[in-house]
Amino acid sequence: MLTPTRWAQFTSWWRDAAKRLGVESQCEAFLSPESGGMEALMKVAGAQGDLDYVLFVLLRYWVPPILPPAGKERMAKGDADYWIESERILKQAVSRMRELRPFLQMLTESHPGPNPQSPVPAPQADSASPPELDLPALLEGIAEAAGRLGGPDYTSVVKSLNSTPFRQVVHFRHNKKHSTEVWVVFLLKEHLRSLGLGKDRAWPVVCEVVTAAGVRSAEGESYQPDELKSWWTKQWPRSYALLTAKDASIQPGEFAYQSDYQWFQAWMPHQLES
């Protein structure tokens, strides 16, 4: 049972988490009395749902995607991708730095040639020299990170850059504008289904949660349960076909939800302890 004390602890913890991630205003709007979020969460709790998981899903939705700078956006499929172009330029710099490394070492050595004043080499100090910073390797890592943000599906995978809590265990592809909303609805729907809630009861609850979280139609209107179900059903096949499961006996959709929930179960205790 969700007591007033438990509710206060729950909202306080997630407000703090949202503040750390820069989405405090979205969390406050969701938890405000006029949004309907509290009533939606009470219905999830009534179905024995995990309220922390619901906020875990929504928090990832509220964090904005990492977009290219102004003027560098892709306006058409044939346009150069800013992140992939950045990766290419950085890797070219890495190759050139490695080519020039012997020359740079010669310029920076304190005694590039033999010292006639000291024919006998001086004994080395007992303390080891500080480790050398491998700048090309560092730059190469940055290039690879930039490249992972690129591609036609970057809007759905870009949030995996920060591994806490945005790690995505199952690679999820969707090229449409509202790909994240498709994923959010899927996770909430599967969570309620795993609790034994039938479709007729689950869709209204999912609709209330996502509406309070700020999900809107293309016209900027709130969804009705039947409208949300119809929209999601049309969008989902594009993504479902690209999901895979390691175990052939498990449906890819079920595996995707289980993987996400298991990641949450590992993440949440660590956050509470820290």
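As the structure is a prediction and not an experimental result, all values here were calculated from the model.

Enquirer: Explain the pattern of salt bridges here, please?
Expert: Scanning all chains against the criterion turns up 10 salt bridges. A salt bridge links E87 to K91, with the shortest nitrogen-to-oxygen separation between them at 3.5 Å. Remark: K91 and E87 occur in helix α5 (residues 82-108); sequence separation between them is 4 residues, near one turn of the helix. One salt bridge connects E140 with R98, and the closest N-O pair in it is separated by 3.2 Å. Of this pair, E140 sits in helix α6 (residues 135-148) while R98 sits in helix α5; the two residues are 42 residues apart in sequence, bridging distant segments of the chain. Overall, the relative accessible area of 25% leaves E140 in the partly exposed class. A single network of salt bridges, built from pairs that share partners, joins K189, E190 and R193.

Enquirer: What am I meant to see in the confidence of the model for the chain here?
Expert: Parts of the model with low pLDDT should not have their predicted coordinates read in detail. Looking at the chain, the pLDDT average stands at 77 and 70% of residues meet or exceed 70. With pLDDT under 50 throughout, residues 153-176 is counted as low confidence; its partners more than four residues away or in other chains account for 76 contacts.

Enquirer: Sorry, what's going on with unusual backbone geometry here?
Expert: Apart from glycine, the bulk of residues carry a negative phi angle, and the bulk of peptide bonds sit in the trans form. The phi dihedral of Q48 falls on the positive side, at around 65°, and the residue is not glycine. Considering the arrangement of structural elements, one finds Q48 in the loop between α3 (37-46) and α4 (51-62). Exposure remark for Q48: the relative accessible area of 64% places this residue in the exposed category.

Enquirer: When you look at the packing of aromatic side chains in this model, what are you seeing that I'm missing?
Expert: Geometrically, a pair of aromatic rings is defined through the distance of the ring centres and the angle of the planes. Considering all chains together, one arrives at 18 aromatic pairs under this definition. Consider the rings of W7 and F10, whose centres lie 5.6 Å apart with planes at 35°: the pair is tilted. With a gap of 3 residues between them, W7 and F10 both fall in helix α1 (residues 4-20), about one helical turn apart. The class of W7 is buried, set by a relative accessible area of 16%. Exposure remark for F10: the relative accessible area of 3% places this residue in the buried category. Through successive ring pairs, a cluster of aromatic residues spans W13, W14, Y53, F56, Y257, Y261, F264 and W267.

Enquirer: Any chance you could explain the environment of W267 here in plain terms?
Expert: Tracing the chain through its elements places W267 in helix α12 (residues 252-273). Between the alpha carbons of W267 and F56 there is a distance of 9.9 Å; along the sequence they are 211 residues apart.

Enquirer: Would you explain helix α2 (residues 24-31) in this entry?
Expert: A turn of α-helix holds 3.6 residues, and therefore any two residues three or four places apart point the same way. For α2, the set of buried residues is C27, F30 and L31. Projected down its long axis, α2 carries its buried residues within an arc of 90°, all on one side. Those residues of α2 hidden inside the fold are in contact with α1, α3, α4 and α10 (199-213).

Enquirer: What should I look at first to understand the environment of G141 in this one?
Expert: By secondary structure assignment, the location of G141 is in helix α6. Distance from G141 to L90, taken between C-alpha atoms, is 9.6 Å for residues 51 residues apart in sequence.

Enquirer: Would you take a moment to explain the nonpolar core for this structure?
Expert: Considering soluble globular proteins, one finds that nonpolar side chains tend to be buried as a cluster. Judged by nonpolar contacts, the single largest core of 55 residues is most densely connected at W14, F30, L41, W62 and L228. Those elements that place two or more of their residues in this core are α1, α2, α3, α4, α9 (179-194), α10, α11 (225-240) and α12. Ranked by residue count, the leading element in this core is α4, at 10 residues. Filtering out sequence-adjacent residues up to four positions away, W62 remains in contact with V23, Q26, C27, F30, L55 and A213.

Enquirer: Would you mind going over the packing of α3 against α4 with me for this structure?
Expert: Each packed pair of helices is defined by two parameters, the angle between the axes and the distance between the axes. The N-to-C vectors of α3 and α4 enclose an angle of 130°; their axes lie 9 Å apart at closest approach. One finds that α3 runs oblique with respect to α4. On α4, the residues touching L41, V44 and A45 of α3 are L51, V54 and L55.

Enquirer: Can you walk me through α4 in this structure?
Expert: Given a rise of 1.5 Å per residue, 12 residues ought to cover 16 Å, and the 17 Å separating the end C-alpha atoms of α4 matches this to within 8%. α4 sits mainly inside the fold: 12 of its 12 residues count as buried. Every buried residue belonging to α4 is among L51, D52, Y53, V54, L55, F56, V57, L58, L59, R60, Y61 and W62, and all of these are buried. Taking the backbone nitrogen of D52 as reference, a side-chain oxygen 3.1 Å away marks D50 as the first, capping residue of α4.

What counts and how
- Every chain is numbered on its own, with residues counted from 1 as its sequence reads.
- Predicted model: local features are reported for residues with pLDDT of at least 70 only, side-chain atom pairs are reported and counted for 80 or more only, and whole-chain, interface and lining totals are derived from all residues.
- Note: side-chain values were computed over all heavy atoms of the structure, leaving out hydrogens and water.
- Should a side-chain nitrogen of Lys or Arg be within 4 Å of a carboxyl oxygen of Asp or Glu, the pair is scored as a salt bridge.
- Counting from the N terminus, the helices are the DSSP runs of H or I reaching at least four residues and the strands are the DSSP runs of E reaching at least two.
- We call a residue buried when its accessible area falls under 20% of the maximum for its residue type, exposed when it is over 50%, and partly exposed in between, using a 1.4 Å probe and counting protein chains only.
- The predictor attaches a confidence to each residue, and that confidence, scored 0 to 100, is pLDDT.
- The contact definition used throughout considers only heavy atoms, calling two residues in contact when any of these lie within 4.5 Å.
- Ring geometry is summarised as follows: Phe, Tyr and Trp rings, the Trp one being its six-membered ring, pair when their centres sit within 6.5 Å, and such pairs are stacked at plane angles under 30 degrees, edge-to-face over 60 and tilted between the two.
- Relevant arc is that of directions from the helix axis to the C-beta atoms, nothing else.
- Only buried residues count toward a nonpolar core, which is a set of Ala, Val, Leu, Ile, Met, Phe, Trp, Tyr and Cys residues joined through side-chain atoms within 4.5 Å.
- Comment: axis = line fitted to C-alpha atoms, over the contacting stretch for helices; angle = value between 0 and 180 degrees taken between N-to-C directions.
- Throughout, the term roughly parallel applies to angles under 35 degrees, roughly antiparallel to angles over 145, roughly perpendicular to angles from 65 to 115, and oblique to all others.
- Multiplying one less than the number of residues by 1.5 Å gives the expected span of a helix.
- Definition of a polar contact: a pair of N or O atoms within 3.5 Å, with one able to donate and the other able to accept a hydrogen when the atoms are protein atoms, and with sequence-neighbouring residues admitted only if both atoms are side-chain atoms.

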